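# Remarks on the overall topology
Listed here are the chains, written in short residue letters.
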Amino acid sequence: DTGVSQDPRHKITKRGQNVTFRCDPISEHNRLYWYRQTLGQGPEFLTYFQNEAQLEKSRLLSDRFSAERPKGSFSTLEIQRTEQGDSAMYLCASSLRQGAREKLFFGSGTQLSVL
Amino acid sequence: ILNVEQSPQSLHVQEGDSTNFTCSFPSSNFYALHWYRWETAKSPEALFVMTLNGDEKKKGRISATLNTKEGYSYLYIKGSQPEDSATYLCAFDNQGGKLIFGQGTELSVKP
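Residues numbered from 1 in each chain as written. Chains lettered and ligands numbered in written order. Predicted model: local features only at pLDDT ≥ 70, side-chain atom pairs only at ≥ 80, totals over all residues. Heavy atoms only, no water.

### Details of the interface of chain A and chain B
- Across the boundary between the two partners, chain A contributes 23 residues, which contact 21 residues of chain B.
- Of all residues in chain A, P43, R101 and F106 of chain A give up the largest surface area on contact with chain B, accounting jointly for 33% of the area buried on that side.
- Viewed at the interface, chain B and chain A are joined by one salt bridge.
- Where K98 of chain B meets E56 of chain A, a salt bridge forms, and the shortest distance between an N and an O atom there is 2.7 Å.
- Elements represented by at least two residues in the side of chain A that touches chain B include exactly strand 4 (31-37) and strand 5 (44-50) of chain A.
- Broken down by element, the side of chain A that touches chain B gets its largest block of residues, four residues, from strand 4 of chain A.
- Residues that form the side of chain A that touches chain B fall into these classes: nine nonpolar, seven polar and seven charged. (Contact = heavy atoms within 4.5 Å. Buried area = accessible area lost by both parts, 1.4 Å probe. Salt bridge = Lys/Arg side-chain N within 4 Å of Asp/Glu carboxyl O. Helix = DSSP H or I, 4+ residues; strand = E, 2+ residues; numbered from the N terminus. Nonpolar A, V, L, I, M, F, W, Y, C, P; charged D, E, K, R; others polar.)

Written out as structure tokens, the structure reads:
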């Protein structure tokens, strides 16, 4: 197992277009998280899943953002009608939530640029 | 809104210097405090997960302490090396299901 993988690594899109990112977590991990990071800030929580159930979505998150994890394995994050303010690094992480306090394993991220 | 603060925001040191930075977090509903290292063009990587007041953890030249009653953690690097250059992130877990990250401390170590 090579860890958490994200695709694509980079995405450039025009304002108003829809984009979709994919995350493949470590296979035995049941928790999957999406974070967003902009320059000079720490990762900002977007949403997380336990298996296929989406347990929480940030209240700050626009309705243009949606995430799925249909079979409890890989996840997709879609942004509809992108805006320039959506430009950021989108990070996926997974963990094995047995008794909690488990560290997160991160992917390399998808860098989104909205022109 | 849970607030996690890190200081300083950035730090420039010479090779061989020892350094430390601070993470402040809410002192109520504490469950765990995480430290991650994020090198440029790589993924954030876990350093420590700390759970008990007074915890001290060590990994090579890097160590961390935890004070849950006053809500702070220190990360120390002894004899900094250029390969220690990275952003160091702390993250607070109140058992709410997610980690709340600070803004990070960017460390640059010059040879």
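### Digging into the packing of aromatic side chains
- The final tally for this structure, using the stated rule, is 17 aromatic pairs over all chains.
- Both rings, one in F21 of chain B and one in Y88 of chain B, keep their centres 5.3 Å apart while their planes meet at 45 degrees; by these two values the pair is tilted. Taken together, the residues F21 of chain B in strand 3 (residues 19-24) and Y88 of chain B in strand 9 (residues 86-93) connect sequence positions 67 residues apart. Each member of the pair, F21 of chain B as well as Y88 of chain B, is classed as buried.
- With 6.1 Å between their ring centres and 70 degrees between their planes, Y74 of chain B and Y76 of chain B make a pair best called edge-to-face.
- Put simply, the rings of Y33, Y35, F45, Y48 and F106 of chain A together with Y36 and F101 of chain B pair up and form one aromatic cluster.
- Here the guanidinium or amino end of R22 of chain A rests over the ring plane of F74 of chain A, the centre of that ring lying 3.9 Å away.
- One Lys or Arg, K98 of chain B, reaches over the ring of F45 of chain A and ends 5.2 Å from the middle of that ring. (Phe/Tyr/Trp six-rings, centres within 6.5 Å; stacked < 30°, edge-to-face > 60°. Buried < 20%, exposed > 50% of the residue type's maximum accessible area, 1.4 Å probe, protein only. Lys NZ or Arg CZ within 6 Å of the ring centre and 35° of its normal.)

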